[in-house]
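Observations on the model geometry
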Amino acid sequence: SISESKIKISLLSGTATTYTWLWTLLAFILTWMVFHLIKRKKIGTEETEVDAEETRDGEAHDVIIVGAGVAGAALAYALAKDGRRVHVIERDLKEPQRFMGELMQPGGRLMLAQLGLEDCLEEIDAQEIKSLAIYKDGKNDTLYFPDNKNFPCESAGRVSLVVNGLRLQVRPRVQFALATREFTCGLALAPETETMTHPRMCVHAAKGVQLEEGTVKFLIEEKGVVKGVIYKNSAGEEITAFAPLTVVCDGCYSNLCRSAVDNKVEVLSYFVGYVTKNTRLEDPHSMHLIFSKPLPCVVYQITSSEVRCAAEVPADSIPSIANGEMVKFLKKTVAPQIPDGNLRETFLKGVEEGLLEIKTTATKSMSAKQCDKKGVIVLGDAFNMRHPIIASGMMVALSDVLILRNLLRPVPSFSNTKKVLELVKSFYIIRKPMSATVNTLAHVFSEVLVATTDEAREGMRESCFNYLSSGGFRTSGMMAILGGMNPRPLSLVFHLVCITLTAMGHLLSPFPSPRRFWHSLRVFALALKMLGAHLGDEGLKEMLIPTNAASYRRSYMATASDC
């Protein structure tokens, strides 16, 4: 019948449509699979070509490290332990004559242990520091580093020319220990000028590290890829060295970093420091921080018989050492603000005896910026600096070394610059919990410690002292952050908000008035300004989302048996 014919035609039409859609879907899937396989084959071919690339003439190493400071020496050891051939070029192998970098925070000790270098802190007359002692306008308190069950290291540090949870250590001695010790993997870093008969000097260049004194002049670039360096050795000869990866970590005075990344260094102030010899503090296990005016000063034991004294001075008004203005400033301006007794006597004794050894060092700040060039990585103070008042530079540098070593470990060849660059980009994100916490704390703390006649700023300074000395979770929380035991930017933001609210409440008491209300609003604006700058530099997501910090703790703050 006609109706049955229409039904059959309709069914046939529907079937044809279904088959058409099925064949179209199948064709799409097959096409996608073909393109995907072609793409994977192309990527695999590129990686194979990179890995199979012939070694350039003179390219006897996998990586060149410029600078043998804490970051450079630690990275050299870590990469050599992973089987890389490392060439370290250090401008001056003599012990540096400066006083920055004398504190190894508890977090830094943990990073050293994770790298297998914890024993570098031993046998150097390092002084254990158990607390931070603070002084302001006749008031004082001692803040102890907390016993944190979630922190897998002893909550002490060391100072040596080290705190329970905090270890202070003089950087030159750390560098010497890193640069001359014999490692369990059979490698040693040793100057080429040394006699090679001593077992410590037997450097197997094919297996490990070659340490050489020389000044790197330029990075060699070809088509936007850094291929090596040109340097002058100790004999004055200009040499070209090639390696698929170059790491620039030659310190705060680095010129090479400008070739790799466009960044601006800001000089904040200067620290004037000297050593008082043949002296022992009554409390040698505390770092003594005096809220002096206009800027703070610190006193701490660095060896069993030596004490470091340092005072911060404004960048635009440094007293002259040559004509005696510096001695007058230290005696007449700084010394009277130091608590009477052992501390002041030690401070003044050093001024009298250490006149010829007074040193001035700039405090600098430089935010970390991503380097997009292939074949080069920037680390240490050449990469990121912050005010040294919280003494955490070595801790951040060692954290960066640990992260970078773990990222590079699975890479078969550093010649695959594209793969290395991808990993380095992830490095900038992974490092944020530690670096953002430290950078923000250093900036805010250094700003708050400045004494002025501004009522709002002085209210913030007073509240900072009161908050730190209030005890309980406030003191333990801030000390855990200071020691690198709790690298959580969000925790720091919480404490900064509490300090701000405390300052506002203090200014409004005993009863609000238009003037008091105005100054409390200015405190709030000041806090927003200080914190807002770092929210921009470090990233809003990295600062305020706790998942990044949790991931960092799982990966880089695991139990360290040697700590």
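Residues numbered from 1 in each chain as written. Predicted model: local features only at pLDDT ≥ 70, side-chain atom pairs only at ≥ 80, totals over all residues. Heavy atoms only, no water.

Named according to an unreviewed UniProt entry, the protein is Squalene monooxygenase originating from Brassica oleracea var. oleracea. Under the UniProt heading Function (unreviewed entry), the note attached to the protein is "Catalyzes the stereospecific oxidation of squalene to (S)-2,3-epoxysqualene, and is considered to be a rate-limiting enzyme in steroid biosynthesis." Taken directly from UniProt, the Catalytic activity (unreviewed entry) text for the protein runs: "squalene + reduced [NADPH--hemoprotein reductase] + O2 = (S)-2,3-epoxysqualene + oxidized [NADPH--hemoprotein reductase] + H2O + H(+)". (UniProt positions renumbered as here; feature names shortened; annotations may be inferred.)

A word on the layout of surface pockets. Estimates place the volume of the second largest pocket at around 600 Å³. Glu266, Leu268, Ser365, His443 and Glu447 are, among the 27 residues lining the second largest pocket, the residues nearest its centre. Where the lining of the second largest pocket is concerned, the elements lending two or more residues are strand S13 (266-277), strand S16 (306-314), helix H10 (432-448) and helix H14 (514-538). Element by element, the count of residues in the lining of the second largest pocket is highest for H10, at 5 residues. When grouped by side-chain class, the residues that make up the lining of the second largest pocket number 9 nonpolar, 10 polar and 8 charged. (1 Å grid on protein atoms, 1.4 Å probe; cavity = no way out; pocket = protein on both sides within 12 Å on 5 of 7 lines; lining within 4 Å. Points joined across faces, edges and corners; volume = space filled by probe spheres on them. Helix = DSSP H or I, 4+ residues; strand = E, 2+ residues; numbered from the N terminus. Nonpolar A, V, L, I, M, F, W, Y, C, P; charged D, E, K, R; others polar.)

Before going further, it helps to spend a moment on the packing of aromatic side chains. In this structure the tally under the stated criterion is 7 aromatic pairs. Plain terms: the ring middles of Phe473 and Phe494 are 6.4 Å apart, the flat faces sit at 35° to each other, and that makes the pair tilted. Here Phe473, found in helix H12 (residues 472-482), pairs with Phe494, found in helix H13 (residues 489-508); they are 21 residues apart in sequence, far enough to count as distant. An aromatic cluster is defined as three or more aromatic residues linked by ring pairs; in this entry it consists of Phe383, Phe427 and Tyr428. (Phe/Tyr/Trp six-rings, centres within 6.5 Å; stacked < 30°, edge-to-face > 60°.)

Ile65, Val86, Val229, Val247 and Leu379 are the most contacted members of the largest nonpolar core, which has 124 residues in total. Top element by residues in this core is helix H8 (residues 393-408). It accounts for 11 residues. Not counting chain neighbours up to four residues away, the residues in contact with Leu379 comprise Leu75, Val247, Val248, Cys249, Asp400, Val401, Leu404 and Phe427. (Core = buried A, V, L, I, M, F, W, Y, C linked by side-chain atoms within 4.5 Å. Buried < 20%, exposed > 50% of the residue type's maximum accessible area, 1.4 Å probe, protein only. Contact = heavy atoms within 4.5 Å.)

Two elements, S13 and strand S17 (residues 359-365), share 7 bridges in a ladder whose sense is antiparallel. When the bridges of S17 are listed, Tyr270 appears paired with Ala362. Pairing of S13 with S16 involves 9 bridges; the strand directions are antiparallel. Across the sheet, the residue bridging to Thr276 is Val307, located in S16. (Pairing = 2+ DSSP bridges.)

Right, let's talk about the environment of Lys277 for a bit. Summarising the element assignment, Lys277 is placed in strand S13. Separated by 76 residues in the primary sequence, Lys277 and Glu353 place their C-alpha atoms 8.3 Å from one another. Those residues in contact with Lys277 that lie beyond four places of it in its chain are Ser305, Glu306, Lys349, Glu353 and Glu357. Within the structure, Lys277 has its side chain in polar contact with the side chain of Glu306 (distance 3.3 Å). (Polar contact = N/O pair within 3.5 Å; in protein donor to acceptor, adjacent residues only side chain to side chain.)

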